[in-house]
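Architecture and fold: a report
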Amino acid sequence: QLANAMYDWSDIALVDGLTTIENCALIQNEKGDFIDFGVVNHLPYYLVDIKKYPGITDKFPYLSSKGCPFTCSFCTWKGNRKMRIKPPEVVIEEIEHIVKHYGPKTITFIDALFFVQVKRVKAIAQLAIERKLDVSFYSMCRVDLLEKVDDEMLRILKQAHFDEIAFGGESGSDQQLKLMAKNT
């Protein structure tokens, strides 16, 4: 809504979920409806001159889910525990569109917790293989979720070109992890 309002020079104060300042007062609009993650929803990237953003064709950011069920004290998502997750078919169709129109070398999953549903990640990787996507993938993973990944899945991830998976090691101290509410 915001991108379209700015593109059309519409009043951005009418955009659902937006907070603005007017005469030194915060004005918070109604939250509005969540975007349906079960359908393909190509973001209006055409509204932005992608070439003005160095590196975007190397590592294109992509969000396949929102929220996180964990309560880590340091995290920006801690107030958004409800997960909204795109189905694998939607993820792959949107990525195909991005690859076709913008040609990135890598799709970077910027989800707070991409690996929260390991079966979904496996399905995304299998679809990427089936559709012969010419792109590599990067994502992050909580260390404790790695125990759900078996050798077969690692082979599938490798074949699908998940070339990088980063793991967060916030602390080696159980006391510090407890203070951060990591629950690992």
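As the structure is a computational prediction, the values presented were derived from the model and not from experiment.

1. Some thoughts on the overall build of the chain
Within the chain, the secondary structure is distributed over five helices and eight strands. Its helices and strands in sequence order give the chain the pattern α-β-β-β-β-β-α-β-α-β-α-β-α, from N to C terminus. Its C-alpha atoms give the chain principal-axis dimensions of roughly 55 × 45 × 30 Å. A burial count over the chain gives 34% of its 184 residues as buried. Intrachain contacts of the chain at a sequence separation of at least 6 include 71% that bridge at least 24 residues. Charge separation in the chain, taken as the distance between the mean sites of 23 positive and 25 negative side-chain charges, equals 4 Å.

2. Comments concerning the nonpolar core
Formed by 34 residues in total, the largest nonpolar core has its most connected members in Ile95, Ile107, Phe109, Phe115, Phe137 and Phe162. When residues of this core are traced back to their parent elements, those giving at least two are β3 (59–62), α2 (88–102), β6 (106–109), α3 (118–130), β7 (136–142) and α4 (151–159). Here this core gets six residues from one element, more than from any other, and that element is α3. Discounting residues that sit within four places of it in the chain, Phe115 has contacts with Val121, Ser139, Met140, Cys141, Leu145, Val149, Met153, Leu157 and Ile165.

3. A few points about the pattern of salt bridges
One pass over the full model with this rule turns up five salt bridges. One salt bridge in this structure joins Lys86 and Glu94, with 2.7 Å as the shortest N-O distance. Across the pair, Glu94 and Lys86 agree in class, each one buried.

4. Focus on a nonpolar patch on the surface
On the surface, Leu2, Met6 and Ile12 cluster together into a nonpolar patch covering about 250 Å² of accessible area. Relative to the helices and strands, Met6 resides in helix α1 (residues 2–7).

5. A closer look at the pairing of β3
Burial along β3 is one-sided: Phe60 and Tyr62 are buried, while Lys59 and Pro61, pointing the other way, are not. Sheet topology note: the β3/β6 ladder contains four bridges and is parallel. Looking at β6, one finds that Tyr62 is bridged to Phe109.

6. Re the sheet that holds β3
The four strands are arranged β3-β6-β7-β8 in an open sheet whose pairing can be described as parallel. Two strands bound the open sheet, and with one partner strand each, they are β3 and β8 (162–168). If you compare each strand with its neighbour and ignore which way they point, the axes differ by 25° on average. Its contacts with the sheet place α2 against β3, β6 and β7, and it is angled at close to 145° to β3.

Definitions and limits used
- Residues numbered from 1 in each chain as written.
- Predicted model: local features only at pLDDT ≥ 70, side-chain atom pairs only at ≥ 80, totals over all residues.
- Heavy atoms only, no water.
- Helix = DSSP H or I, 4+ residues; strand = E, 2+ residues; numbered from the N terminus.
- Buried < 20%, exposed > 50% of the residue type's maximum accessible area, 1.4 Å probe, protein only.
- Contact = heavy atoms within 4.5 Å.
- Lys, Arg positive; Asp, Glu negative; His and termini not counted.
- Charge placed at Lys NZ, Arg CZ, Asp CG, Glu CD.
- Core = buried A, V, L, I, M, F, W, Y, C linked by side-chain atoms within 4.5 Å.
- Salt bridge = Lys/Arg side-chain N within 4 Å of Asp/Glu carboxyl O.
- Patch = residues over 30% accessible without salt bridge, like charges linked within 9 Å, V, L, I, M, F, W, Y side chains within 5 Å.
- Areas by Shrake-Rupley, 256 points an atom, 1.4 Å probe, with all protein chains shown as cover.
- Pairing = 2+ DSSP bridges.
- Axes fitted to C-alpha atoms, helices over the stretch in contact; angles between N-to-C directions.

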